[in-house]
Amino acid sequence: MLDSTEFNGQRPLDFMIPKFIQYGKSPNYKIRATALFCLNQFTFIRSQSLFANLDPFIQLLFTLATDPSPDVRKNVCQALVQLVDVRPDKIAPAIKDVVRYMLISTEDADEMVALEACEFWLAVAEQPSMRADVEPFLPDIVPRLLKSMVYTDEDVVVLGGDEDDYQIADKAEDINPQLEHSTTKAHKVNGSSLSGGDRPATPRHVDSVGDVDEDADSYYTDEEEDDDEGYSDWNLRKCSAAALDVLSNVYNAHLFEVIKPFLVQNIRSENWKIREASVLALGAIAEGCMDGVVPHLPELYPYLLSLLHDTKVTLSYVFGGADSSIW
């Protein structure tokens, strides 16, 4: 309505958008973050009033890219991801610089900044015109994604700890199938391909300064929200695996050559977290890099079968059927 209805010959957003851009330069980080958050809402709906002010908006994003506030940086990353989706032509001239920025942001100390940045690899893979410019960065992208796929100590605590409990009888809620719901809209590795409709521009509902809005409608089901105290929600590990899956379907053999040394080294690691993440990565690239994986199956398949007895590593990523996914 704000973008289409005119009052006295002027659309409200024609006045509001420049104001939001102005507020993005405020010395108060909360105002900067809120202004960017508001602008991002109009990017998502392809507001013509925003598109009329796209150049100063993009200049603002570049100015705030290294903002000391993680809430501001998170919204910068989200804005760039959305612009890749809706106006790739405006990002294309600076795509290499944006890729370098996202490489840094994917390792940001703030997980929400890193998550928003990781969404970029999903978005850019859907833009054929950008693929050639991104391909030389695969040796930098892949290690970062693999690192983000390793369980953190906090993840392990949420999932029940790092101790073997095979001597303790399972509870009903531990046995019931979890983390796989047909209604989820999130990308599924080895389940279905990602499309623009599958990956919403905003992976979770957040307020203007980055706090999760628990009351907002979400694209997660109620059942998902109860799983493992929210661990089933979209997070950096899942986004990284999804990005690896999508990139493997774009770059195929080249991506396999990049990732192969890491898999060879890590899939037999004594650290179960690294070992598990390597199996997850193998499952993520299995379809896109099938031609590269097949020659290694005589050696790989017996080893993966041996991991069926591993108390930590699950092989559903590799051997699962249509219902298998990274979550």
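Residues numbered from 1 in each chain as written. Predicted model: local features only at pLDDT ≥ 70, side-chain atom pairs only at ≥ 80, totals over all residues. Heavy atoms only, no water.

**Q** Is there a simple way to think about unusual backbone geometry in this case?
**A** Phi is mostly negative for residues that are not glycine, and the peptide bonds are mostly trans. Positive phi is not limited to glycine here, since R46 has a value of about 55 degrees. Following the sequence through the fold, R46 ends up in the loop between α2 (29-44) and α3 (48-51). One non-glycine residue with positive phi stands out, namely N252, at about 45 degrees. Assignment of secondary structure puts N252 in helix α14 (residues 236-266). Accessibility expressed as a relative area gives 33% for N252, which makes it partly exposed. (Helix = DSSP H or I, 4+ residues; strand = E, 2+ residues; numbered from the N terminus. Buried < 20%, exposed > 50% of the residue type's maximum accessible area, 1.4 Å probe, protein only.)

**Q** Any chance you could explain the packing of helix α5 (residues 70-86) against helix α8 (residues 111-125) here in plain terms?
**A** Each pair of packed helices can be described by the angle between their axes along with the distance between the axes. Contact geometry of α5 with α8 gives a least axis separation of 8 Å together with a crossing angle of 10 degrees. Considering the angle they form, α5 stands roughly parallel to α8. Contacts between α5 and α8 involve P70, R73, K74, C77, Q78, V81, V84 and D85 from the former and M112, V113, E116, A117, E119, F120, A123 and V124 from the latter. Here the residues of the contact of α5 with α8 are counted per class, giving ten nonpolar, one polar and five charged. (Axes fitted to C-alpha atoms, helices over the stretch in contact; angles between N-to-C directions. Parallel < 35°, antiparallel > 145°, perpendicular 65-115°, else oblique. Contact = heavy atoms within 4.5 Å. Nonpolar A, V, L, I, M, F, W, Y, C, P; charged D, E, K, R; others polar.)

**Q** Looking at this structure, how should I read the packing of α5 against helix α7 (residues 95-105)?
**A** One way to put it is that α5 packs onto α7 with a least axis distance of 12 Å and a crossing angle of 135 degrees. Accordingly, the angle class assigned to the pair α5 and α7 is oblique. Between α5 and α7 the crossing geometry is left-handed. Across the interface between the two elements, R73, V76, C77, L80 and V81 from α5 touch V98, Y101, M102 and S105 from α7. Each residue belonging to the contact of α5 with α7 can be placed in one class, and the counts come to seven nonpolar, one polar and one charged. (Left-handed = near helix turned anticlockwise from the far one by under 90°.)

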